[in-house]
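The lines below spell out each chain.
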Amino acid sequence: MTHLVEMTGIEKHFPGVHALRAAQFDLAPGEVHALMGENGAGKSTLMKVLSGIYQPDGGAVHVMGQPVTIHGPRAAQALGIGIIHQELALMNDLTVAQNIFIGREPRRSFGRLDEARLNADAEAIFRQMNVGMDVRAEVRSLSVARQQMVEIAKALSFRSRILIMDEPTAALNDAETNELFAIIRRLRSEGVGVVYISHKMDEIRRISDRVTVMRDGAYVGTVHAADTPIETIIGMMVGRDLETVHVDIPDLGAAPVALEVRGLCRGRAIRDVSFSVKQGEILGFAGLMGAGRTEVARAIFGADPREGGEIRVHGKPVAIRSPRDAVAAGIGYLSEDRKHFGLALGLDVRANIGMTSLERFRSALGVLDEPALERTAKNYIGTLAIRTPSDRQEVRLLSGGNQQKIVIAKWLLRDCDILIFDEPTRGIDVGAKAEIYRLMQSLAAEGKAIIVISSELPEVLRLSHRIAVMCEGRLTGILPGGAATRQEDIMHLATLRPETARMATTKDAIQ
Amino acid sequence: MTSVSAAVSAAAKPASGAQQKLLAFASLIVLLVFFSVASPNFLQTSNILAILQATSVNGVLAIAATLVIITGGIDLSVGTLMTFCAVIAGVVLTYWGMPLPLGILAAIGTGAACGFISGSLVAKMKIPPFIATLGMMLILKGLSLVISGTKPIYFNDTPSFPEISTGSLIGQIVPAVPVPNGVLILFVLALVIGYVLNRTVLGRYCFALGSNEEAVRLSGVNTDAWKIAIYALAGGICGIAGLIIASRLNSAQPALGLGYELDAIAAVVIGGTSLAGGRGSILGTMIGALIMAVLLNGLRIMSVAQEWQTVVTGLIIIAAVYADMLRRRRAAG
């Protein structure tokens, strides 16, 4: 039987990143083939190559047995390849039918649109899908699940034989997921091949025939979904070749609790999250993308409103309604996006370090005490080993690691003793990473309470004294740090959905 | 207070664009009623025609600006482009002595060509529309002055030229309503562009680009080409505005034009077109342009000083943009 798709030896480089290394994938007619891997494993990149959004730097793509070069989205459509993107790519101000046929509107003379045929054609597609839909409704007015149906209808309207779905259920509830799976099964029975990218283990078992796992941009292996234990797939995803790093976990038995969070809630993003961090402790937060870790940090910091929950700092309840309140309580948040939220890139090191503490450096008339600012900046440049020619250097000219240190200095100067690091080493090279780790460890040793959110499991394992794991807005478990915890344990908790969560707890209790 | 605003926002949810248009229309009616009561001269046929005449140039420019703004862009060059097209018409008709149809073609063609350049700067060179068209605005202002030698070009050799704006085709058929041609052009153009926006591929892509450009691109549409086409169409419309204003003044005034772009954008915004793109209508823009003209005319009739007229216009613009912001916030929340 000819495969619908065969990709072999696919290479893709981005500036500074080798995104795909000899990646391979194949798809048979009438199968659902799941593509799995950790964040950044290269799943989406590989599928963007297949759908013409990226051009590969090497390798071969065969569609229906023929070698092809896919120059762009339009070429992919012509080959019968449809993709449903992770972020829905719809035009909110247009109607359902207008969205489905964008770029292929039925026309009459002089570029006039044949709106009647447009709507009739769109209705025909939804009839074929067995989905009721008002094709004249504006997409803005639809729920996310209904918008997903529009995306699927759009992909089907190209008579796609190959349908790529990138995390299609990320925003769907269980009933909507069931509806989606019914459609996928119907398509499969009609001979359509479906590529299904998802992090959710139980879904993979329910819907897919085969599973291909990728890691670090490379192909790891392909297994049958039905007879492969989840543990095996997780093992393939995380790999076993990582050396274990010894973590010194201080005895914090007598240390006072610095931050306590109870019953934190916000919509679907954060569901009843409770935990505490002691002075001198590093608490890691692990989980897959969209698990709600950043949302928790932002809610604690007052950057997003929270719907429920109590926050106590040093045992006293605090009312945090804005970042201002959080800073006053001694909480500092180091955003994952330093360039947007952490630094004023065009200003110099001195100005950035003093940014949140200017009140302290001004006279009654608001004149800044530059000599004092300079002394302070030079002090931090020394203690944090910030490599910069002077305190007047523009921050944008420094490396990522040194920029991160400036953000840290800023919060230290503000007397924050609870620091939340969100992806602290993103975009920082390996050597500087180790330095940031050492800095965080010494801050903890001084008695600061530190929360680290990271998508890189080795980073979480290397730093954390305890590891909190989240999945879909829930805290699914808190594991001890150090050698006691393996990556597989974390991945297991990170993919625990509610129905399986209960079983896991009882199993643990029996053990 | 809260219940009222809640009711308003609930009503605004399903069709907030239509609501803003309705609000604009209601404001227009209120203004008309207010000025009719305040001054007996206001509702005279001659005054109504003067208001329409005053709307024609700003209205045409606002139609051009509407197209670009719906794509999520902005065109700051519409005013000086209008003048530049008028100057080109002067060169062709007066300096070179060509026949009138060639002058008209030259003006509209020049507008389309300049729009093509602006569109290319935005689509191909990825220069933000604000900057690209700001640059074009200054370039065209300078070129108008250079080409004309900073002096007005009169159309005395083309006797039928003033007819473009001030003659009345309608008046020849129905003498009782001598609607000037400039106003006729405005309304015909509004109908045509309204049709283009709602019934043609080009119009569909205006809304689609303003709504989610990346999604349109991923759908395999040549977004760059369409964007350039939209800017070129807007430029051609500016050429028409150039003909109307030159015809009314019987001269191309090279120093004119700066400031018209802001009046045009104001009319667009007052008419409920979202500056964020994706939403808007020609009907709304027409109402917006009429509100501005009625307001200025009414204040003048009531003998309000010119400087205060400007202040009121400013207030109206801020109020309209604030309404746009509120609408977007509701749509987001």
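Per-chain numbering applies: the sequence of each chain, read as written, is numbered from 1 onward. Naming scheme: in the order in which they are written, chains are lettered from A and ligands are numbered from 1. Only residues with pLDDT of at least 70 are given local features in this predicted model, and only at 80 or more are side-chain atom pairs given and counted; all residues enter the totals for whole chains, interfaces and linings. For side-chain calculations, the full set of non-hydrogen atoms in the structure is used, while hydrogens and water are omitted.

## Remarks on the overall build of chain A
Looking only at helices and strands, chain A has 18 helices and 20 strands in total. This radius of gyration counts C-alpha atoms alone. The globule rule is 2.2 Å times how many residues there are, raised to the power 0.38. Rg of the C-alpha trace for chain A: 26 Å, near the compact-globule value of 24 Å for 511 residues, within the 12% margin. Dimensions of chain A, computed from the C-alpha atoms along their principal axes, are close to 75 × 65 × 45 Å. The cut-offs for exposure are 20% and 50% of the maximum accessible area for each residue type, with area from a 1.4 Å probe on protein chains only; residues under the lower value are buried, those over the upper are exposed, and the others partly exposed. Counting every position in chain A, which comprises 511 residues, the buried fraction comes to 53%. Residue contacts are defined here by distance: any two heavy atoms, one from each residue, within 4.5 Å place the two residues in contact. Considering only residue pairs separated by 6 or more positions, chain A has 67% of its internal contacts joining residues 24 or more positions apart. When the accessible surface of chain A is split by element, carbon and sulfur atoms take 51% of a total near 22200 Å². Where the 62 positive side-chain charges of chain A centre and where its 63 negative ones centre are 3 Å apart. Helix and strand assignments follow DSSP, with helices taken as H or I runs no shorter than four residues and strands as E runs no shorter than two, numbered in order from the N terminus. Throughout, the Shrake-Rupley method with a 1.4 Å probe supplies accessible areas, and for residues the shown protein chains are the sole cover considered. When charges are tallied, Lys and Arg are placed among the positive residues and Asp and Glu among the negative ones, while His and the ends of the chain are skipped. Note that the charge is assigned to NZ on lysines, CZ on arginines, CG on aspartates and CD on glutamates.

## A few points about the domain arrangement of chain A
All names here are of chain A. Along its sequence, chain A is carved into domain 1 (1-80 + 160-241), domain 2 (90-154) and domain 3 (257-344 + 415-510). As annotated, the domain borders come from an automatic or database domain assignment. Computed from C-alpha coordinates alone, the two centres of domain 1 and domain 2 are separated by 26 Å. Contacts between the two partners involve eleven residues from domain 1, matched on the other side by eleven residues from domain 2. Carbon and sulfur atoms make up 63% of the area that domain 1 and domain 2 hide from each other, which totals about 910 Å². Side-chain atoms alone can form a polar contact between residues adjacent in sequence; in general such a contact is a pair of N or O atoms within 3.5 Å, and within protein one must be able to donate a hydrogen while the other accepts it. Inspection of the domain 1/domain 2 interface yields two residue pairs in polar contact (both at pLDDT 80 or more). Here the side of domain 1 that touches domain 2 takes five residues from helix α6 (residues 174-189), the largest share from any one element. Simply put, the buried area is the total loss of 1.4 Å probe accessible area from both parts when two parts are fitted together.

## Some points on the packing of helix α3 (residues 45-70) of chain B against helix α9 (residues 181-199) of chain B
Residues and elements named next belong to chain B. Orientation is described by axes fitted as lines to C-alpha atoms, over the contacting stretch for helices, and by angles from 0 to 180 degrees between their N-to-C directions. The geometry of α3 relative to α9 is characterised by a closest axis approach of 8 Å and an angle of 20° between their N-to-C directions. Comparing the axis directions of α3 and α9 gives the class roughly parallel. Both α3 and α9 take part in a crossing whose hand is left-handed. Seen from α3, the contacting residues are L52, Q53, T55, S56, G59, V60, I63, L67 and I70; seen from α9, they are G182, V183, L186, F187, L189, A190, I193 and L197. Asp, Glu, Lys and Arg are counted as charged, while Ala, Val, Leu, Ile, Met, Phe, Trp, Tyr, Cys and Pro are counted as nonpolar; the rest, among them Gly, fall into the polar class. Class assignment for the residues of the contact of α3 with α9 results in twelve nonpolar, five polar and no charged. Any angle between 65 and 115 degrees counts as roughly perpendicular, while under 35 counts as roughly parallel, over 145 as roughly antiparallel, and the rest as oblique. Helix crossings are classified by the rotation of the near helix relative to the far one: an anticlockwise turn of less than a right angle makes the crossing left-handed, while a clockwise turn makes it right-handed.

## What to know about the sheet that holds strand β12 (residues 270-278) of chain A
All names here are of chain A. The antiparallel open sheet is built from four strands, whose spatial order is β12-β11-β14-β15. Of all strands in the sheet, those bounded by a partner on one side alone are β12 and β15 (316-318). Going from strand to strand, the sheet's axes swing by 20° on average, the running direction of each strand aside. Here, a strand pair is defined by DSSP locating no fewer than two bridges between the strands. Summarising the sheet, strand β11 (residues 257-266) and β12 pair through six bridges and their orientation is antiparallel. The residue of β12 that forms the bridge with E260 is S276.

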